[in-house]
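Chain and residue survey
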Amino acid sequence: LPWHPHIEELNSSDLKLNTESKIQVKISGYFPEDLTVEWYKKKMGADRFLTVDNNKYKSEISEHQRQSDNTYSCTASLLFTPTLPEDQRSEFICRVLHLSLVKDIQRRIGPLQITVAPQMIEPVRFSLGDSGEVKCSLTLKRFYPPDIKIRWSSGESQTKIMDSQPAQSADGETFDVTSVCTMPRPLCFPVYVTWEHQSVKEPPSIILNSSDLPWHPHIEELNSSDLKLNTESK
């Protein structure tokens, strides 16, 4: 039969930790509509591909749509919830079988990267140094992969890239980082801090103003000396 399946390249949604994701492929130009799709996976560091675990990975084929030339098309998907380290840098193969084919057709994708966006659990902290300088401290938590760039800048000054080393977080899977920027006197506001990470397309930005400083004046009640006529008082 001349109506062999045409298979496009595999594509995937962004793979986010513990969030349902999918790998899918469009198939077209086949007749009849009987079509079989099989999925295989190779873990990072493994030597060969194995059939996916049906308890974790769900294979779906959309309804076969008849085209203007009376052939059919569909979309095959593999749905799963990525976990670490199980799915990190893994590879997948989609194998398509059809009675018009002498040999199956395969498409491959990977190694795939799982990402987790950094979370700013608390606002930027401020502390005072012995020489009167102000230290700004930003903590980002539970992100993956560990590669991250944090940039600080203030007023007309040049941007500073702070090379902070992420540390493994309490969950043992993701990473935390704390970046500290020292502002000498005189203080120059506003201060901008941004971070770049694979999980975010547009770097988030925080603007710090002088009103964000925590050292507000504490003013006691006014008091006066006895006010005596024609006598200096205060």
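Residues numbered from 1 in each chain as written. Predicted model: local features only at pLDDT ≥ 70, side-chain atom pairs only at ≥ 80, totals over all residues. Heavy atoms only, no water.

Looking at an unreviewed UniProt entry, one finds the chain named Ig-like domain-containing protein and attributed to Aquarana catesbeiana.

**Digging into the UniProt feature "domain: Ig-like" (unreviewed entry) in the chain**
Definition in use: UniProt positions are given in the numbering used here, feature names are shortened, and annotations may be inferred rather than shown by experiment. Strands here are runs of E lasting at least two residues and helices are runs of H or I lasting at least four, both read from the DSSP assignment and numbered beginning at the N terminus.
In the numbering adopted here, UniProt assigns the feature "domain: Ig-like" (unreviewed entry) to residues 5-110. Helix and strand shares over residues 5-110 are 0% and 49% respectively, and the end C-alpha atoms of the span are 23 Å apart.

**Quick word on the pairing of strand β5 (residues 36-42)**
Our working rule: Exposure categories follow from relative accessible area, calculated using a 1.4 Å probe and restricted to protein chains: below 20% of the type maximum is buried, above 50% is exposed, and the middle band is partly exposed. When DSSP finds two or more bridges between two strands, those strands count as paired.
For β5, the tally of buried residues reaches 5 of 7 residues, placing the bulk of the element in the interior. Examined bridge by bridge, β5 and strand β10 (residues 91-97) share 7 bridges and lie antiparallel to one another. Pairing of Y40 across the sheet is with I93, part of β10.

**A closer look at the sheet that holds strand β19 (residues 191-196)**
Backbone-to-backbone hydrogen bonds pair the strands of a sheet. The strands run either parallel or antiparallel. To be explicit about the condition: Here the axes come from fitting lines to C-alpha atoms, over the contacting stretch only for helices, and the angles between their N-to-C directions go from 0 to 180 degrees.
What the 4 strands build is an open sheet, ordered β16-β15-β19-β20; its pairing is antiparallel. Looking along the sheet, the strands with just one partner apiece sit at the ends: β16 (160-162) and β20 (205-208). For this sheet the average axis-to-axis angle between neighbouring strands, irrespective of direction, equals 20°. Pairing between β19 and β20: 4 bridges, direction antiparallel. Looking at the pairing, T194 lines up with S205 of β20.

**Let's talk about unusual backbone geometry**
Following F31, the chain continues to P32 via a peptide bond in cis, the omega torsion being 0°. Structurally, the position occupied by P32 is in the loop between β4 (21-30) and β5. Following R185, the chain continues to P186 via a peptide bond in cis, the omega torsion being -5°. Assignment of secondary structure puts P186 in the loop between β18 (175-183) and β19. Even without a glycine there, the phi angle at N70 is positive, about 70°. For N70, the location among the structural elements is in the loop between β8 (65-66) and β9 (72-80). When its relative accessible area of 46% is taken as the criterion, N70 is described as partly exposed. Here the phi dihedral of R89 falls at roughly 60°; this positive angle occurs in a residue that is not glycine.

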